[in-house]
Amino acid sequence: MSADRDSRALRGFVLEPSFRLERGRGVVWLAGVLETGESFLVREHRAEPYFYVRAEDVARLAPDRLRGVVLAETDRGTFRGEPVVRLTVGRPAEVSYLAARLEREGVRTYEADVRFASRFLIDRGLRGSLAIRGPSRRDFGFDRVFDDPELTPADWTPRLSVLAFDLETDPGTGEVLAAALVGSEGASEVLMRPPTGQSVPEGVTACATEGELLATFCRRVREIDPDVLTGWNIVEFDLPVLVRAAERWGGLLELGRAPGSVRLARQGGVATVPGRAVLDGLRLVRGASIRLESYRLDAVARHYLGRGKVASAGEGGQEILVLWHGDRERLAEYNRVDAELALEIVSKLQLVELAVERSRLTGLPPDRLGSSIAAFDFLYLMALGRRGTVARTLGSRGAVVDDTGLPEIAEGGHVLEPVTGLHEQVWVFDFKSLYPSVIRTFGIDPLNFVPNPEPAADVLRAPNGAAFRRTPPGILPGLLDELMPRREAAQRAGDGITAYAIKILMNSFYGVLATSACRFADQRIANAITSFGRVVLLETKRRIEALGYRVLYGDTDSLFVASGCADGVSARARGPELAARLTRELTAWVRREFRVESRLVPSFQTVYAQLLLPAIRGSERGARKRYAGWVEEPDGGGRVVFVGMEAVRSDWTELGRRVQKELYERFFRREDVAPYLIGVLADLRAGRLDDQLVYKKRLRKEPAAYTATTPPHVAAARKAGRGRSGTVSYVVTTAGPEPVDGAADPLDYEHYVDKQLRPVALPVLERLGLDFEEIAGRGHQLGLFKR
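None of the values given here were measured: they were computed from a predicted structure.

What counts and what doesn't
- Residues numbered from 1 in each chain as written.
- Predicted model: local features only at pLDDT ≥ 70, side-chain atom pairs only at ≥ 80, totals over all residues.
- Heavy atoms only, no water.
- Helix = DSSP H or I, 4+ residues; strand = E, 2+ residues; numbered from the N terminus.
- Rg over C-alpha atoms; globule rule 2.2 N^0.38 Å.
- Buried < 20%, exposed > 50% of the residue type's maximum accessible area, 1.4 Å probe, protein only.
- Expected span 1.5 Å × (residues − 1).
- Arc of directions from axis to C-beta.
- Contact = heavy atoms within 4.5 Å.
- Salt bridge = Lys/Arg side-chain N within 4 Å of Asp/Glu carboxyl O.
- pLDDT = per-residue confidence, 0-100.
- Phe/Tyr/Trp six-rings, centres within 6.5 Å; stacked < 30°, edge-to-face > 60°.
- Lys NZ or Arg CZ within 6 Å of the ring centre and 35° of its normal.

1. Digging into the overall build of the protein
- From N to C terminus, the protein includes 20 helices and 31 strands.
- The C-alpha radius of gyration of the protein comes to 30 Å, within 12% of the 28 Å expected for a compact globule of 787 residues.
- Counting only C-alpha atoms and orienting by the principal axes, one finds that the protein spans roughly 90 × 90 × 50 Å.
- Buried positions account for 53% of the 787 residues belonging to the protein.

Put into structure tokens, the structure is as follows:
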């Protein structure tokens, strides 16, 4: 515990911001990793828990409410400019307790919900990385402990060590049978508790009891000492299993660098391990906005790694128990491979690196990367403090707007009516980050929002009527002015992780402002963004049509335009020219109409050599958000792009998706489609495609909770005796929907003809003048096969 008096500043990255009570006072603990590779802990004793109330309300505070409270005048004010007083209390928990009492008595509070450690980081402008200057010592399980050092922001990206783990359990008792550890420091090991009197395979660590296995697991994690713990669904499954096991054996689940048990949040899916970050692989994938048909470990591994689990756990995990009794070598391999797959997915997709970068951008710890509201809150409060303004406590009325403001209905992006049919050489233009660009251009910002402006006030009025001050510049536009050039620089440098992290953050701003869970949300502000987006889209359409082009379709931030070009080469050459002209014209229009500088950039995206805009089934009107296009490749080939079609919908069968893809590819290549479809129908009716007839649909609630209607997947779940939510796999038989693993009746092939093949085939067949009923063998004449 000797002190290191080196005053050289060291850069570090915060993995876990928290606090501890020491001698009755809150002490901020910032745990992380240094650029030297050492672990560190900053203990800050000078931080004080506080919140604000309006100065005019101080006289209303009863003296008994203020025992132990220090009141101090400030130079800060509310959004309305009302002066506020700071209330400092002794312990962090007293902030929420006192604020709740005051709110019940009608006293408005400000920023009383900000967590103690977050408050410390916000006040000092610290986001993820920081520079630490001061003496240190080895203590509390950390390589370096700093007490009240000098802290400043730093620009540093760490490389974190990662350890993946996986558990195998008894499905009946929930007891841990085996645990695998793979990753950091070359770890690749399995701990196993064999049946009484039995042995474990060579290379597997034997543990006589579950308690011994648990103790060994905790010890090995601490010895390996990773920065990050990961695995697949470990927050919802593995860690709760370990916590319950520790409770059974009368101890704590200690996996951290500092003393203390693992803590599981009741909401939000966050697990806290002292001194480390817990980054669940499943949550990392979902938090990165990666869309997959299935998020099961096996499915994701096969999609990205080309390999999957070595065996199935069986219904209810029974296969695990069979292996534990009869083939423990196979069980060890199964266990180890599951941990390996989780680690490899996280590594291949660079998800830990993405979490680090998002933490450096937002200030949130890396395990909260999916919380866009918290990220917005952290950044906005930090900037708001620099403006000398405080925000209402989350959950209080009137956080941003005046209390008389009426709620509005949320307005989505504008969608143009599609011009149905097959079109050739179609330009696609879209606006680069439309909503962020709208915010930057028109100064849309909660702080600058004026609920009830004077008629003659020099404000910028949105098409929905919302008004915003022109000066000083808004906080949100300023944040985006910083982020967008950083993203462009990252793209030029080939830094895809940083560019993607910034994109996720920027794109979340509109949604956050439309979400009531955000303290800065107001539907009028959110609708100002979408209403400007609509006006910009329509103005761009008008200018395109004034140049003699026909706009075929448009959706929120994109326009599809008939180029009139004879071939793809000339279309691809002229598209960027038109985009540049539109940018210039929009810049002049915005300057003239709104007296601001435009950040709106319509960019040329691609050319569809052919674009099919289908009609709504049974109608002549165009189907919005549904189309299929053919993009020619430089090598002479091509590919089909589907949007909103069955081929990209996970609730359709593999047969329906596969046939739609093949039909459209043949259609765009001008190849015969009828012979192909006849062959598919023959194979279907002969039972040769049974493995492609499975529907998968997620239960949003327990099967018994569906009372008004009984959808097919619910009927199948009830037949299977399912008593929980989750994904249901079922087929349709002559007796109706049945679970795929328990279908007792013959498959209803004509159901699949009518409900899967017919819908995907009709748009193509109608373009070719062919009749589906004839092709399906239910008509009198086949008609022409060729286009």
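Having seen the model, we can carry on.
2. Thoughts on helix 12 (residues 475–492)
- A rise of 1.5 Å per residue sets the reference length of helix 12, with its 18 residues, at 26 Å; its end C-alpha atoms lie 27 Å apart and thus fit the reference within 8%.
- For helix 12, the complete set of buried residues consists of Ile475, Leu476, Pro477, Leu479, Leu480, Leu483, Met484, Arg487 and Ala490. Along the long axis of helix 12, the arc covered by the buried residues comes to 160°, so they all point the same way.
- Against the buried residues of helix 12 lie helix 9 (351–362), helix 10 (372–386), helix 11 (434–442) and helix 13 (496–513).
- Phi turns positive one or two residues past the end of helix 12, at Gly494, with a value near 75°.

3. Observations regarding the pattern of salt bridges
- A full pass over the atoms with the stated rule returns 63 salt bridges.
- With its nearest N and O atoms 2.5 Å apart, the salt bridge here joins Glu22 to Arg43. On the criterion of sequence distance, the pair formed by Glu22 in strand 1 (residues 10–22) and Arg43 in strand 3 (residues 39–44) is long-range, its members being 21 residues apart.
- Overall, the relative accessible area of 9% leaves Arg43 in the buried class.
- Taken together, the salt bridges that share partners define one network made up of Glu22, Arg43, Arg137, Asp139 and Asp147.

4. Looking at unusual backbone geometry
- A cis amide bond links Thr471 with the next residue in sequence, Pro472, at an omega value of -5°.
- Within the secondary structure, Pro472 is located in the loop between strand 23 (467–469) and helix 12.
- Even without being glycine, Arg23 reaches a positive phi, approximately 55°.
- Its place among the elements puts Arg23 in the loop between strand 1 and strand 2 (25–34).
- Arg23 sits in the exposed class, given a relative accessible area of 89%.

5. As for the confidence of the model for the protein
- Counting all residues, the mean pLDDT for the protein is 92, and 95% of those residues have values of 70 or more.
- Low pLDDT, under 50, characterises residues 398–406; the stretch is placed with 23 contacts to residues that sit more than four places away or in other chains.
- Per-residue pLDDT stays below 50 along residues 781–787; that stretch engages in 20 contacts with residues further than four places along the chain or on separate chains.

6. Here's the deal with the packing of aromatic side chains
- On inspection of all chains with the given rule, the structure shows 29 aromatic pairs.
- Between the aromatic rings of Tyr553 and Phe560, the centroid separation amounts to 5.6 Å while the plane-to-plane angle is 45°, which identifies the pairing as tilted. With respect to class, Tyr553 is no different from Phe560; both count as buried.
- Between the aromatic rings of Tyr608 and Tyr627, the centroid separation amounts to 6.3 Å while the plane-to-plane angle is 65°, which identifies the pairing as edge-to-face. Of this pair, Tyr608 sits in strand 26 (residues 602–613) while Tyr627 sits in strand 27 (residues 627–632), placing them 19 residues apart in sequence. Taken individually, Tyr608 and Tyr627 each receive the classification buried, so the pair is uniform in this respect.
- Each residue in the set Phe79, Phe376, Tyr380, Phe509 and Phe520 is aromatic and connected to the rest through ring pairs, giving one cluster.
- Across from the ring centre of Tyr295, 4.0 Å away, lies the NZ or CZ of Arg286, which sits over that ring.
- Lys701 extends its terminal NZ or CZ atom over the ring of Tyr706, reaching a point 4.8 Å from the ring centre.

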